[in-house]
Amino acid sequence: GVYSSPMDNSSMPGMPGMPGQPQQQSGQDAYSAQFLKDVDTFNSPAHFVRCSVSRLPNSQSAKQRLSIPLGVILQPLAPLPPDIEPVPSVNFGVVGTIVRCKQCRTYVNPFVQWEANGRRWTCNLCGFSQLTPDPYYASLDESGKRMDRFQRAELHKGAVEYIAPGEYMVRPPQPPVFMFVIDVSYTSVVTGLLQTVVTSIVEAIQSGKIPGGQRVQVGIITFDTSLHFYNLNSNLSQPQMLVVSDLDDLFLPLPDDILVPLAESEAAIVNLLESLPGIFGETKVNESCLGSAVRGAFMAMKHIGGKLLVFGACIPSVGELALKSTRDNPRLLGTDREVELLRPAGNDGYKELGKELTPAQISVELFLAPQAYMDLASICPLAKFTGGDVHYYPQFNINTCFEKFKSELVHVLTRYMGWEAVMRIRVSRGWKITKFDGHLFIRGQDLLVVPNCHQDQTFAIQIDMEENVTPDPVLYVQSALLYTNSEGERRIRVHTWAAMTTPNFNDIIGSIDVQASAVMMSHQALDQSLKTNQTDGRNKLSSFCQQVVQAGNLCPQSDALQFLPLYIMGMLKSAAFRATNDISADLRTYIWMRLETMSVSQSAAFFNPRLMALHNAPEECRMPNDHGQIALPEMLNLTSESMTQDGVYLLEDGESMYMWIGRAVDSNFLQAVFGMGSFDQLDVLAAESVVGTRSDPLSEKVGNIIRQVRSERPTPFIQLQILRQGEPKEAKFFAALIEDRTVGMQSTYTEFLQRMGYRSPQAAPPQQGGMPAAMPPPGATAGMMGGPPMNRGY
């Protein structure tokens, strides 16, 4: 099939699963042909903005025929793909102020209309006409465009970053602040969590990569059944511990020196961190007052704001917002009552606490590494409503989880990020935003508060037509994220995106972005699952799918309509939605939290993983190209029919990576890659640590493929698990082969399509690739390869 890596999807329009431009229809007038060209040139690029369709219906009746949710997914600070130029900075200092629409506050952008030889301009979102400020005046060319438009980034680029003048600040820019709140209970100590946290923070500090230089401030609080504050003043010979054990009457035991400048107190901070495992090494206290610890940290940082990183090893059982482990009820898993375990307990106290933190510009990042039930459903709103994320390491053990935990924590501390941020998204006349998805807090009608924004953060909006209004011929969406960067500069990251509307159903269908549509569907199904129950959520997905398949029967030439059902089936079979009792309430909550903030390519991989053969990977997978990228082997269909018993296969879903080794594998491969001579000698734990480290060219090739996959997914750290054919753990691998019958749903892709109403065209479609050379491995339920040809675009 035709494949490309998730990083270069923006440069491959028209690929299945990719944002594609619809085919131009004959008879289209010159204006819209020219406008489509402008859209291509000026829109904010696909790594920042993706819409479920790039041609929108122009009437309610056209919209009703469409089975795709209309929505836009934004990743405003997304990392740049290789070869893409940075977002240009724009300084309006000379003009005096940033040029914005006086009526709706839209920022000037490539799509505004100029008139009166440049003396006036009309806003493309609300249609208001206004005078051009004198210092910003330029005359127009014969086509009515400004002569200087290619000298001004904001007039020819959809993604720009304004340097904000003084009126965009309510207070002096906030410095980067990191408050570490660390569980030192018995569980945290004996599993090695405390040691892992300490080592990771020290490594991040000593790497010099924490952004903000001299401005960074750091504080440390530890907790079990009481809170321990630390005076980190650099003049003390060693940090001083102050214990607060009355959780009903919390107070700050010292007014200053809990948060200190990292540059001045680095030695004291590193010293304290390295001594914690020794100080608490003999502890017998095995309870946690996590809620009180967050409250204590809030008291210590509310005057300034910042990132509050909480490390927890067991359920908060004492103090403020204590929870009960008796709430866990595994008998409800996989039933319609499971949702009771996925909603917060009681009065939603952690959400209320989050609502107190947000106005103080505090964002909570949760690192939860429990051995047993922790009630994530109750705790996670603390991260969700403060713009933070949840990292979950069930059954944490330093020997198996150290690398993953350290990599993810260091990434959170060193990635590109902004502080005290707010965001507004505007849509043009005739359209309205019906819902915001993501980790954020909505103040008023539409001000999105994100105390700490960063490169991995993704938001989505669901849009609809205003009632009884004919929308303009073009939909415009503009997002503006106002934030302070780590260097203390106030910036406004603005993305402008346009799409033409059309009455033509085929044009709309031809413009579907499969992956973005799948993400919007998953958001709606998640909402439905939480609101009523998971059966209703799954029914919503099935009904989307039936409509897509019916539309596909009418437009058999549409690539998108052939691919979407595969993604929807992947959702139904995934750990997010499947009706099985093997996924704990905590794990399900974690997956739902991740799906709310994941980038489009990452979500797509979660529902529709990548499978590739390693034993016969071509030679070009060994050497990086000019950009340091490795070509990945060809992607295989997600069925055991793609596999042979003498093969070695890598499966990756954006969260984890499995290497399956067939029983009849060539012993030379095992020797070269693992230094082990036969399948029976293969020790999987030892093998995982050896992959890619041996000097053999084959080992180098396999190592480079794994490194390439990881480099395409900056977060989370994708842990490799090696599975031998025939061992019980291989069930995880086969559960991801969604075109076969799986634990999530006992139907092959073909059977699923038929159930959804698929009618095959008269001639059988050509197959992608022939039959494998050897029999599929036992233990796999093979899919019948009928149905549409699969060349999934990634």
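Residues numbered from 1 in each chain as written. Predicted model: local features only at pLDDT ≥ 70, side-chain atom pairs only at ≥ 80, totals over all residues. Heavy atoms only, no water.

The full count for this structure, using the stated rule, is 25 aromatic pairs. With a centroid separation of 5.6 Å and an interplanar angle of 50°, the aromatic rings of Phe92 and Tyr162 are classed as tilted. Of the two residues, Phe92 is situated in the loop between strand 4 (89-90) and strand 5 (113-115) and Tyr162 in strand 8 (residues 159-163); the sequence distance between them amounts to 70 residues. The class for Phe92 is buried, based on a relative accessible area of 5%. With a relative accessible area of 0%, Tyr162 lands in the buried category. Taking the centre distance of 5.6 Å and the plane angle of 50° together, the rings of Phe367 and Phe405 count as tilted. With Phe367 in strand 15 (residues 362-368) and Phe405 in helix 12 (residues 398-414), the pair connects residues that are 38 residues apart, well separated along the chain. Taking the relative accessible area as the measure of exposure, Phe367 reaches 0% and is therefore buried. Grouped by ring-pair contacts, the aromatic residues Phe92, Tyr107, Trp114, Trp121, Tyr136 and Tyr162 constitute a single cluster. (Phe/Tyr/Trp six-rings, centres within 6.5 Å; stacked < 30°, edge-to-face > 60°. Helix = DSSP H or I, 4+ residues; strand = E, 2+ residues; numbered from the N terminus. Buried < 20%, exposed > 50% of the residue type's maximum accessible area, 1.4 Å probe, protein only.)

Let us now look at the packing of helix 14 (residues 514-531) against helix 18 (residues 600-607). As a packed pair, helix 14 and helix 18 sit with axes 9 Å apart at the nearest point and diverge in direction by 75°. Compared by their axis directions, helix 14 and helix 18 come out roughly perpendicular. Contacts between helix 14 and helix 18 involve Gln515, Ala516, Val519 and Ser522 from the first element and Val600, Ser601, Ser603, Ala604 and Phe607 from the second. Among the residues forming the contact of helix 14 with helix 18, the class breakdown is five nonpolar, four polar and no charged. (Axes fitted to C-alpha atoms, helices over the stretch in contact; angles between N-to-C directions. Parallel < 35°, antiparallel > 145°, perpendicular 65-115°, else oblique. Contact = heavy atoms within 4.5 Å. Nonpolar A, V, L, I, M, F, W, Y, C, P; charged D, E, K, R; others polar.)

As a further point, take the environment of Pro261. With respect to the element layout, Pro261 can be found in strand 13 (residues 260-261). With 64 residues separating them in the primary sequence, Pro261 and Val197 have C-alpha atoms 20 Å apart. Setting aside anything within four residues of it in sequence, one finds Pro261 in contact with Val216 and Gln217.

So, about a nonpolar patch on the surface. A contiguous nonpolar surface patch, about 250 Å² in accessible area, is contributed by Met241, Val243 and Ile279. For Ile279, the location among the structural elements is in helix 6 (residues 262-279). (Patch = residues over 30% accessible without salt bridge, like charges linked within 9 Å, V, L, I, M, F, W, Y side chains within 5 Å. Areas by Shrake-Rupley, 256 points an atom, 1.4 Å probe, with all protein chains shown as cover. Salt bridge = Lys/Arg side-chain N within 4 Å of Asp/Glu carboxyl O.)

A few words now on the pattern of salt bridges. The final tally for this structure, using the stated rule, is 39 salt bridges. Salt-bridge contacts for Arg146 lead to Asp148; the nearest nitrogen and oxygen are separated by 2.9 Å. The class of Arg146 is buried, set by a relative accessible area of 1%. One salt bridge connects Lys406 with Glu203, and the closest N-O pair in it is separated by 3.2 Å. With Lys406 in helix 12 and Glu203 in helix 5 (residues 193-207), this residue pair connects regions lying 203 residues apart in the sequence. Linked through salt bridges whose partners overlap, the residues forming this network are Arg146, Asp148, Arg152 and Glu154.

This next bit is on the packing of helix 5 against helix 6. Where helix 5 meets helix 6, the axes come as close as 9 Å, and the angle between the chain directions of the two elements is 160°. By the angle between their directions, the pair helix 5 and helix 6 is classed as roughly antiparallel. When you trace helix 5 past helix 6, the crossing you get is left-handed. Where helix 5 abuts helix 6, its residues Leu194, Gln195, Val198, Ile201, Val202, Ile205 and Gln206 lie against Leu262, Glu266, Ile269, Val270, Leu273, Glu274, Leu276 and Pro277. Its residues placed into classes, the contact of helix 5 with helix 6 shows 11 nonpolar, two polar and two charged. (Left-handed = near helix turned anticlockwise from the far one by under 90°.)

Attention now moves to unusual backbone geometry. Most peptide bonds are trans, and most residues other than glycine sit at a negative phi. Cis geometry marks the peptide bond from Thr715 to Pro716; its omega dihedral reads -10°. With respect to the secondary-structure elements, Pro716 resides in the loop between helix 21 (697-711) and strand 27 (719-724). Positive phi values are uncommon outside glycine, yet Ala116 reaches one of about 50°. Here Asn468, not a glycine, exhibits a phi torsion of approximately 55°, which is positive. The topology assignment puts Asn468 in the loop between strand 21 (459-465) and strand 22 (474-485). The exposed category is assigned to Asn468, whose relative accessible area is 82%.

The next point concerns the pairing of strand 20 (residues 447-454). With respect to burial, strand 20 is a largely interior element, eight of its eight residues being buried. Pairing of strand 17 (residues 417-427) with strand 20 involves six bridges; the strand directions are antiparallel. Among the inter-strand pairings, Met417 is bridged to a residue of strand 20, identified as His454. In the sheet, strand 19 (residues 441-443) pairs with strand 20 via three bridges, with the strands oriented antiparallel. Within strand 20, the position partnered with Arg443 by the bridge is Leu447. Once strand 19 ends, the chain turns through three residues before running back antiparallel as strand 20, passing Gly444 with a positive phi of about 65°. (Pairing = 2+ DSSP bridges.)

Taken together, the buried positions of helix 19 (residues 667-674) are occupied by Phe669, Leu670, Ala672, Val673 and Phe674. Residues of helix 19 that are buried in the fold lie against strand 25 (648-652), strand 26 (656-661), helix 20 (684-690), helix 21 and strand 27. Looking at where helix 19 begins, the residue whose side-chain oxygen comes 2.8 Å from the main-chain nitrogen of Asn668 is Asp666. Trailing helix 19 by a residue or two, Gly675 shows a phi angle of about 70°, which is positive. (Polar contact = N/O pair within 3.5 Å; in protein donor to acceptor, adjacent residues only side chain to side chain.)

A separate point is the environment of Ile84. Mapped onto the secondary structure, Ile84 falls in the loop between strand 3 (71-74) and strand 4. For Ile84 and Gln34, which are 50 residues apart along the polypeptide, the C-alpha to C-alpha distance reads 24 Å.

A separate point is the sheet that holds strand 27. Note: strands within a sheet are paired through backbone hydrogen bonds, in either parallel or antiparallel orientation. Strand order in the open sheet formed by four strands is 24-25-26-27, and the pairing between neighbours is mixed. Pairing within the sheet leaves two strands with one partner each, and these edge strands are strand 24 (610-613) and strand 27. Averaged over all pairs of adjacent strands, the angle between their axes in this sheet comes to 20°, without regard to strand direction. Sheet topology places strand 24 next to strand 25; four bridges connect them, and they run antiparallel. Its bridge partner being in strand 25, Arg610 is matched across the sheet by Glu652. Across the sheet, helix 21 touches strand 24, strand 25, strand 26 and strand 27, and the angle it forms with strand 26 is around 155°.

Counting 142 residues, the largest nonpolar core has Met179, Val181, Leu308, Val390, Ile512, Met521 and Phe733 as its most contacted members. For this core, the element with the most residues is helix 16 (residues 559-573), which contributes 10 residues. Residues within four places of Leu308 in sequence aside, it is in contact with Met179, Val181, Val294, Ala297, Met301, Ile362, Ser363, Val364 and Glu365. One finds Leu193, Ala204, Ile220 and Leu409 within the second-largest nonpolar core, a separate group that totals 41 residues. (Core = buried A, V, L, I, M, F, W, Y, C linked by side-chain atoms within 4.5 Å.)

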